[in-house]
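# Structural description and commentary
In case you want the letters, here they are:
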Amino acid sequence: MPTMRAAYLTEPGRFEVREVARPEPGPDEALIRIARTGICGTDIHIFHGNYAADKLPLIPGHEFAGEIAEMGRDVEGWAVGDRVVSEQHTHACGCCRQCLTGNAFACASKRAPGYFVDGGFAEYIAMPAWLLHRIPDDLSFVEAA
């Protein structure tokens, strides 16, 4: 099984770099090779234990940009090497009122990477292809993240 390095927040105020299994993309997911991950106010709160402390250890980072490294068998409209960012609605149910009205970000089932599930402080992340957006060629990974 391929591995990757990831920065785990093991307890408030303490990161640990670990060698872990690289995610495998599901049928409708793309595996993204992370190029850059931003740090926002939520990440600072998570670091200090003021948010999501019950989820530790965890790989933080929800503002990331990278390129597609691999795709699940059902993914269409994307290619390996495409530069992408992702919305954060992983695990949205697709059936509730919020999802059906185009507001999956408000779905009670959603689990955003970086504070509900492992995020972008890693070499790779698998994300549902429907959440991806292309990065224009003239925009850097730093700006996109």
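Everything quoted here is computed from the prediction, not taken from an experiment.

## Description of unusual backbone geometry
The omega angle of the peptide bond from L56 to P57 is 0 degrees, so this bond is cis rather than trans. Position of P57 among the secondary structure elements: in the loop between helix 1 (41–47) and strand 4 (64–71). Within the chain, H91 stands out as a residue other than glycine whose phi angle is a positive 70 degrees. With respect to the helices and strands, the residue H91 is situated in the loop between strand 5 (83–86) and helix 2 (97–100). On the basis of relative accessible area, H91 is assigned to the exposed category, the value being 52%.

## Description of the packing of aromatic side chains
Enumeration over the complete set of coordinates arrives at four aromatic pairs. Geometrically, the ring pair formed by F15 and F121 is tilted, given 6.1 Å between the ring centres and 45 degrees between the ring planes. Taken together, the residues span a long stretch of sequence, with F15 in strand 2 (residues 14–21) and F121 in the loop between helix 2 and strand 6 (124–128) at a distance of 106 residues. Judged by relative accessible area, which is 38%, F15 ranks as partly exposed. Centre to centre, the rings of Y115 and F116 are 5.5 Å apart; their planes meet at 50 degrees, and the pair counts as tilted. Ring pairs connect the aromatic residues F15, F47 and F121, which therefore count as one cluster. Its end group placed over the ring of W78, R134 keeps NZ or CZ at 4.1 Å from the ring centre.

## Some thoughts on the pattern of salt bridges
Tallied over the entire structure, the rule returns seven salt bridges. Note that R14 is salt-bridged to E16, the shortest N-O span being 3.2 Å. Here E70 ties to R22 by a salt bridge, and the two come within 3.4 Å at their closest N and O atoms. Here E70 is found in strand 4, whereas its partner R22 is found in the loop between strand 2 and strand 3 (29–37), with 48 residues between them in sequence. Take E70: its relative accessible area is 28%, and that puts it in the partly exposed class. We classify R22 as buried; its relative accessible area is 17%.

## Considerations on the nonpolar core
Core analysis: the largest hydrophobic core is formed by 13 residues, its most contacted members being I32, W78, M127 and L132. Of all elements in the fold, only strand 3, strand 4 and strand 6 reach the threshold of two or more residues within this core. One finds A7, V20, F121 and Y124 within the second-largest nonpolar core, a separate group that totals 11 residues.

## Some thoughts on the environment of T42
When you line up the elements, T42 lands in helix 1. With sequence-adjacent residues up to four places away left out, T42 is seen in contact with Y51, H62 and Y115.

## As for the pairing of strand 3
Examined bridge by bridge, strand 3 and strand 6 share five bridges and lie antiparallel to one another. Looking at the pairing, R33 lines up with Y124 of strand 6. Pairing of strand 3 with strand 4, which is carried by seven bridges, proceeds in the antiparallel orientation. Paired with T37 across the bridge in strand 4 is F64.

Calculation criteria
Per chain, residue numbering runs from 1 following the sequence as it is written. Two thresholds apply to this predicted model, a pLDDT of at least 70 for residue-level local features and 80 or more for giving and counting side-chain atom pairs, whereas whole-chain, interface and lining totals are computed over all residues. Here the side-chain values reflect all heavy atoms present in the structure, with hydrogen atoms and water set aside. Numbering of helices and strands runs from the N terminus; a helix is a DSSP stretch of H or I covering at least four residues, while a strand is a stretch of E covering at least two. Each residue gets one of three labels from its accessible area relative to the maximum for its type: buried under 20%, exposed over 50%, partly exposed in between, using a 1.4 Å probe on protein chains only. The aromatic pairing rule takes the rings of Phe, Tyr and Trp, using the six-membered ring of Trp, and pairs them if the centres are within 6.5 Å, calling planes under 30 degrees apart stacked, those over 60 edge-to-face and the rest tilted. Charge over a ring is defined by NZ of Lys or CZ of Arg lying within 6 Å of the ring centre and within 35 degrees of the ring normal. Between Lys or Arg on one side and Asp or Glu on the other, a salt bridge is scored when a side-chain nitrogen of the former is within 4 Å of a carboxyl oxygen of the latter. Among buried residues, the Ala, Val, Leu, Ile, Met, Phe, Trp, Tyr and Cys ones that are joined through side-chain atoms within 4.5 Å form a nonpolar core. In this description, contact between two residues means that some pair of their heavy atoms is separated by no more than 4.5 Å. Strands were regarded as paired on the criterion that DSSP finds at least two bridges between them.

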